[in-house]
Amino acid sequence: MSIGQTILGLLEASPRHGYDLKRAYDERFGHARPLHFGQVYATLSRLLRNGLVEVDSVEAGEGPERKRYAITEAGVTDVRRWLSQPEKPEPYLHSTLYAKVVLALLTGRSAADLLDTQRTEHLRLMRELTRRKTDGDLTDQLICDHALFHLEADLRWLELTAARLDELTATVRR
């Protein structure tokens, strides 16, 4: 996910302080991976330098001044362009999991054990996401569905690979 464009999109609704942007980002998009304050301010600094945001106001207080940022017309154009472009589908042609299976076979380790361990981890995460989905609002449900569909595809691959492990072993060890 592009943090810069996401912050711009959040600013399009109304000017905000960095703290407010972090909180809004984390509430909407950062459940599993909240932003660090340093990421927010580094991103705002870059957006400011590139003319996509401007300082709307500065408030004095205890500690450092609090800047409130607003999106510029160039920023609105950038968000519009980003939202209109489709994301490139990720074909996963270079998979860490596939590399581990092949390396297990090449080194005489059990690829079947590796696949079983991975299947267990996928199922654990799927149960966790299903609980989150059940307890969550519509936004949680949709993001969990997205993740669950990807994990289901991974499980199908794990099963297929396990079923073809003898053939793969022969191919890899030639």
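Above this text you will find the structure in question.
Residues numbered from 1 in each chain as written. Predicted model: local features only at pLDDT ≥ 70, side-chain atom pairs only at ≥ 80, totals over all residues. Heavy atoms only, no water.

1. Examining the sheet that holds strand β3 (residues 66-71)
Spatial strand order, β1-β3-β2: three strands in an open sheet with antiparallel pairing. Sheet topology places β1 (16-17) and β2 (53-59) at the edges, where each strand pairs with a single neighbour. For β2 and β3, the ladder comprises six bridges, and the chain directions are antiparallel. Following the sheet pairing, E54 is matched in β3 by A70. The sheet strands contacting helix α3 (residues 37-49) are β2 and β3, and the helix crosses β2 at an angle near 120°. (Pairing = 2+ DSSP bridges. Helix = DSSP H or I, 4+ residues; strand = E, 2+ residues; numbered from the N terminus. Contact = heavy atoms within 4.5 Å. Axes fitted to C-alpha atoms, helices over the stretch in contact; angles between N-to-C directions.)

2. As for the pattern of salt bridges
Pairing is possible between side chains that carry opposite charge, provided their charged atoms lie close to one another. What the rule picks out here adds up to 12 salt bridges. A salt bridge links R23 to D20, with the nearest nitrogen and oxygen atoms 3.4 Å apart. With R23 and D20 both in helix α2 (residues 18-28) and three residues apart, the pair spans about one turn of that helix. Overall, R23 belongs to the partly exposed group, its relative accessible area being 43%. Taken together, the shared-partner salt bridges in this structure form one network comprising D116, R119 and E159. (Salt bridge = Lys/Arg side-chain N within 4 Å of Asp/Glu carboxyl O. Buried < 20%, exposed > 50% of the residue type's maximum accessible area, 1.4 Å probe, protein only.)

3. Some points on the packing of aromatic side chains
Summed over all chains, the structure comprises two aromatic pairs. Taken together, a centroid distance of 5.9 Å and an interplanar angle of 10° make the contact between Y19 and F37 stacked. Here the residue Y19 occupies a position in helix α2, and F37 occupies one in helix α3, the gap between them amounting to 18 residues. F37 sits in the partly exposed class, given a relative accessible area of 37%. Seen from the ring of F37, K22 lies directly overhead, with NZ or CZ sitting 5.2 Å from the centre. (Phe/Tyr/Trp six-rings, centres within 6.5 Å; stacked < 30°, edge-to-face > 60°. Lys NZ or Arg CZ within 6 Å of the ring centre and 35° of its normal.)

4. Observations concerning the environment of L48
You can see L48 is positioned in helix α3. A relative accessible area of 34% means that L48 is categorised as partly exposed. Residues L48 and I71 lie 23 residues apart in sequence; the distance between their C-alpha atoms is 9.2 Å. Beyond its immediate sequence surroundings of up to four residues, L48 is in contact with V53, E54 and V55.

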